[in-house]
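Each chain, written out:
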Amino acid sequence: MHGRVKVKSTAQQEEEKRKGREKKLKVYLTVRDAIFSKRSNGELDEEALQFTQQLLCSNPDFATLWNYRREILLHLETVKEEDEIQKLYEAELFFIETCLKMNPKSYGSWHHRGWVSSRLPRPDWTRELSLCDRCLSLDDRNFHCWDYRRLVVKASGVPVDQELQFTDRLIGSNFSNYSSWHYRSTLLPLLHPEPGSEPASPCRKQNNTHTSPTASPQTHSHRVCEEQLLKEYELVQNAFFTDPNDQSAWFYYRWLLGRAEREELISCVYVSREGERVAVAFSKPVNALTEGLMLVLDGQQQQRVEWRSAHPRFRHSPVWLCELPPGSVSDINNEHNLTVHWMEKHTHRDCALYTGRPESWCRDSATDQELFRSELSVEKTSVLQSELQSCTQLLELEPQNKWCLLTIVLLMRALDPLGHEKETLAHFQTLKEVDPMRSSYYSDLCSKFMIENTILKMEYAEVRVFSLSDKNLSTLCHLDQLLLVTHINLSSNQLVRFPPQFSMLQCLEVLEADDNAIGNLEGLYHLPKLEEVSLKNNRILYATKQSCSIPAASQIMCNYFHFLLVIYFYCVALHASC
C-alpha cells in the first residue's frame, strides 16, 4: 500500500467543492457590496476600477458593473492628459479581451468594447479587425462579433470590396457560414447597385422627387446589378451542390431570387356615383390621416372629406375611403375629374368620371407594377433556366430535399408563374409529404401563389370576376388587389375566416364561399355593395355584429345584412334538426 495516492471518496470531493464555492461566494459578495457602496457614495476612483475588474473577470455579464466602469472612465477623462487616457483605454481593451475569453458571447463585454473604441483618442482599428478575425475563426456565427465588426468597419472606413473579399474567405472555408452569407447580402447592393438606384445606405436621406405613378417598383430598389447577380448564382450553386441539406446557402439563394421593395405610390383610384364614394389603394399600408392625402374634384380642393381605412381596426391600410359632399358626382349627365395627391411622397393619381358612367377607376395592373414577377432580360432568363435545370438534376439525386424543392418552386415563379403552375402545385404536394411539420406553411404559400396567378389571369381577361373554387386554399392574401372585383367564388376550400382585410373588396356584389370551414365573418360587415352571399356548409354557429363607426346608410345595410345572415343560419339549423 506504500507509495500509492489515496483516492478521496465522492462525498469528500463534494464537500471540498462546496466549501470552495462558499469561500468564493463570500469574497464575491463582499466585493460586490463594496462596489455598490462606493457607487452610492459617488466614488469614481481607480480602486473602484480594480474592484469591478475583479468581479467581471469571473462574471462578465454583470451589466451594472460595466455601467459603473463607464462612469469612472468618463470622470478620469476630465482629470488626465490625452496620453494617460490613451493608456487607460488601451488597458481597458486588454481587460475586455480577458472577459471575452471567459464568455465570447457576452453582451456587456462587446458593448463596452464598442464604447471604449469610440472614446479612444487614437484607436487602432487594424488591431480591432484582427481581434474580430480571431474570434470569428473560433466561432463564425458569433453575432456579437459580427455586430462589432460592422461598427469597426464603419468607423475605420474599410472599403466595401475588402469586406466582400473577407466573406469570400469565410464562405470558401465553410459553406455553412450563414452569418457570412447574410453579411454578403448587405455588401453587394453597396458595391454593385442595380442601375438607376442609389446604393442602399441606412444613413441616406430619402429622395422625395416626383415619380411617375406608373414607374416600376424596381426603380427604387436596393438590389444588385444583373452582372454580379449572375456570378452570385454560380457561387451559391457550388455551395448547395456541396451540401444540399445545409440551409445557409439556400436562404441566400432565396434572397438572390427575391424582389426589391415596391415603390410607394398610389396604385388605384376608384370613384362611384352611388354613395358618392372614393376609394384609394396604395402600394403598401399607410396611415392616410398622417400622410397628407388631398382630394381635388374638378379643380376644387375638397376640405371636408374625412378619410377612413377599409376596416375600423386598421390604422395602417393599403385601401382608404371617403364620402364626397352630397351632390358632388351623383348626376350621371355630368363629367368629373378627380385627383388624389399624396403630399408626403410628392405623387398623385388622376381619375375621370365620364358622362353616363356610374363608376370609374384608374389603376396600375399587377403586371404593370411587377407585383408577382419582374421582367427578365434574355441573359437573366437564360441563367435562371440553367439554374432550374441544375436544381432539377439535384432533385433527382436528392428527391427528399425540401430546400431544393422549394427553390425550384421559386425559380419557376421567377421565370413563368402561369406556365409552371401545374408543376408548382405538384412540388407543393411533395413538400408537404417530405416536411409534414411545415405542411401549414406550404399550404399558405401555395394559396398565396394561386391567388397571384388568378389575379394575373383575371387582368389578362379584363374581367372583374375572381374564381378560386376547389383549390384547397388555406388563407387569403393580396386582397387590396381585389378592390374592383364584383363577383368572387371561394367555394370548396379550407378557409376558416373572412379576415378584416376582406373589407377592402369595396366593389364586391356577389360572394360564394360554400363548403369551407368558415367560422368568422368579420370581414363582411364593411362591404357597401354586397348583395348576394352563399355560405352553405360552413362552421358558423352564430353571426356577430361588432360596432363600427361608418356612415348611416352603410350602417343600415350592415344591420340588414346581419339580420339576413341570422335568419339564414337559423333556417339551416332548423332544417337540419327536422
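If you look the protein up in an unreviewed UniProt entry, it shows as Geranylgeranyl transferase type-2 subunit alpha from Astyanax mexicanus. UniProt lists a comment for the protein under the heading Sequence similarities (unreviewed entry), and it reads "Belongs to the protein prenyltransferase subunit alpha family." Of the protein, the UniProt comment under Catalytic activity (unreviewed entry) reads exactly: "geranylgeranyl diphosphate + L-cysteinyl-[protein] = S-geranylgeranyl-L-cysteinyl-[protein] + diphosphate".

A. A look at the overall build of the protein. For the protein, the helix and strand inventory stands at 16 helices and 13 strands. Counting every position in the protein, which comprises 578 residues, the buried fraction comes to 47%. Summed over its atoms, the accessible surface of the protein is roughly 30000 Å², and 52% of this surface lies on carbon and sulfur atoms.

B. Broad picture of helix α9 (residues 178-191). Between its first and last C-alpha, α9 extends 20 Å over 14 residues, near the 20 Å set by a 1.5 Å rise per residue. Against α7 (143-156), α8 (160-173), α10 (226-242) and α11 (247-257) lie the buried residues of α9.

C. View of unusual backbone geometry. Residue H346 is not a glycine yet carries a positive backbone phi of 55°. Here H346 is to be found in the loop between β7 (336-342) and β8 (347-353). Here S492, not a glycine, exhibits a phi torsion of approximately 60°, which is positive. When you line up the elements, S492 lands in the loop between β11 (487-489) and β12 (510-512). A relative accessible area of 28% means that S492 is categorised as partly exposed.

D. Quick look at the pattern of salt bridges. Counted according to the given criterion, the structure contains 35 salt bridges. Ionic pairing is found between R39 and E71, a salt bridge with its closest N-O pair at 2.5 Å. Residue R39 is found in helix α1 (residues 10-40), and its partner E71 is found in helix α3 (residues 63-77); the two are separated by 32 residues along the sequence. A relative accessible area of 30% places R39 in the partly exposed class. Measuring nitrogen to oxygen at the nearest pair gives 2.5 Å for the salt bridge that ties E522 to R313.

E. Highlighting empty space enclosed by the protein. Counted according to the given criterion, the structure contains five cavities of 30 Å³ or more. Taken as a whole, the second largest cavity holds about 70 Å³ of empty space. For the second largest cavity, the lining is made up of 11 residues, of which S267, C268, R363, D480 and Q481 are closest to its centre. When contributions to the lining of the second largest cavity are tallied by element, the ones reaching two or more residues are β1 (266-272) and β2 (277-286).

F. Quick look at the sheet that holds β12. With parallel pairing, the four strands of this open sheet are ordered in space as β10-β11-β12-β13. Two strands close off the open sheet at either side, each with one partner strand: β10 (465-467) and β13 (532-534). Across this sheet, the average inter-strand angle for adjacent strands is 0°, counted without regard to direction.

G. Representation of the sheet that holds strand β9 (residues 359-363) within the structure. The strand order across the open sheet built from five strands is β5-β6-β2-β1-β9, with neighbouring strands paired in antiparallel fashion. Strand pairing shows two members of the sheet lacking a second neighbour, β5 (308-309) and β9, which therefore form its edges. In terms of strand pairing, β5 meets strand β6 (residues 317-323) through two bridges, oriented antiparallel. By the bridge assignment for β6, R308 is matched with L321.

H. Up close: the confidence of the model for the protein. Averaged over all residues, the pLDDT of the protein equals 85, while 85% of them reach at least 70. For the protein, helix α16 (residues 552-577) is the element with the lowest average pLDDT, namely 45, and β11 is the one with the highest, namely 97. Across residues 545-560, where pLDDT falls below 50, the model places 18 contacts with residues more than four positions away in sequence or in other chains. Residue range residues 569-578 is modelled with pLDDT below 50. Its contacts to residues more than four positions away, or to other chains, number four contacts.

I. Structural context of the pairing of β2. Among the 10 residues that make up β2, eight are buried, leaving the element largely enclosed by the rest of the structure. By the bridge criterion, six bridges tie β1 to β2 in an arrangement that is antiparallel. Paired with Y270 across the two strands is A279, which belongs to β2. If you look at the hairpin formed by β1 and β2, you'll find four residues sitting between the two strands, and G275 has a positive phi there, around 80°. Note that β2 and β6 share six bridges and pair antiparallel. When the bridges of β6 are listed, V286 appears paired with S317.

J. Inspection of the packing of aromatic side chains at higher detail. One pass over the full model with this rule turns up 19 aromatic pairs. Plain terms: the ring middles of Y233 and Y253 are 5.9 Å apart, the flat faces sit at 85° to each other, and that makes the pair edge-to-face. Of this pair, Y233 sits in helix α10 while Y253 sits in helix α11, placing them 20 residues apart in sequence. On the basis of an interplanar angle of 50° and a centroid distance of 5.9 Å, the ring pair of F428 and F449 is categorised as tilted. Taken together, the positions of F428 in helix α14 (residues 421-434) and F449 in helix α15 (residues 439-461) put the pair 21 residues apart, joining distant regions of the chain. The pair F428 / F449 is uniform in exposure class, with both members buried. Members of the aromatic cluster, each reached through a chain of ring pairs, are Y233, F240, F241, W250 and Y253. The ring centre of F166 lies 3.5 Å from the NZ or CZ of R149, which sits over that ring.

Criteria and cut-off values
Residues numbered from 1 in each chain as written. Predicted model: local features only at pLDDT ≥ 70, side-chain atom pairs only at ≥ 80, totals over all residues. Heavy atoms only, no water. UniProt positions renumbered as here; feature names shortened; annotations may be inferred. Helix = DSSP H or I, 4+ residues; strand = E, 2+ residues; numbered from the N terminus. Buried < 20%, exposed > 50% of the residue type's maximum accessible area, 1.4 Å probe, protein only. Areas by Shrake-Rupley, 256 points an atom, 1.4 Å probe, with all protein chains shown as cover. Expected span 1.5 Å × (residues − 1). Contact = heavy atoms within 4.5 Å. Salt bridge = Lys/Arg side-chain N within 4 Å of Asp/Glu carboxyl O. 1 Å grid on protein atoms, 1.4 Å probe; cavity = no way out; pocket = protein on both sides within 12 Å on 5 of 7 lines; lining within 4 Å. Points joined across faces, edges and corners; volume = space filled by probe spheres on them. Pairing = 2+ DSSP bridges. Axes fitted to C-alpha atoms, helices over the stretch in contact; angles between N-to-C directions. pLDDT = per-residue confidence, 0-100. Phe/Tyr/Trp six-rings, centres within 6.5 Å; stacked < 30°, edge-to-face > 60°. Lys NZ or Arg CZ within 6 Å of the ring centre and 35° of its normal.

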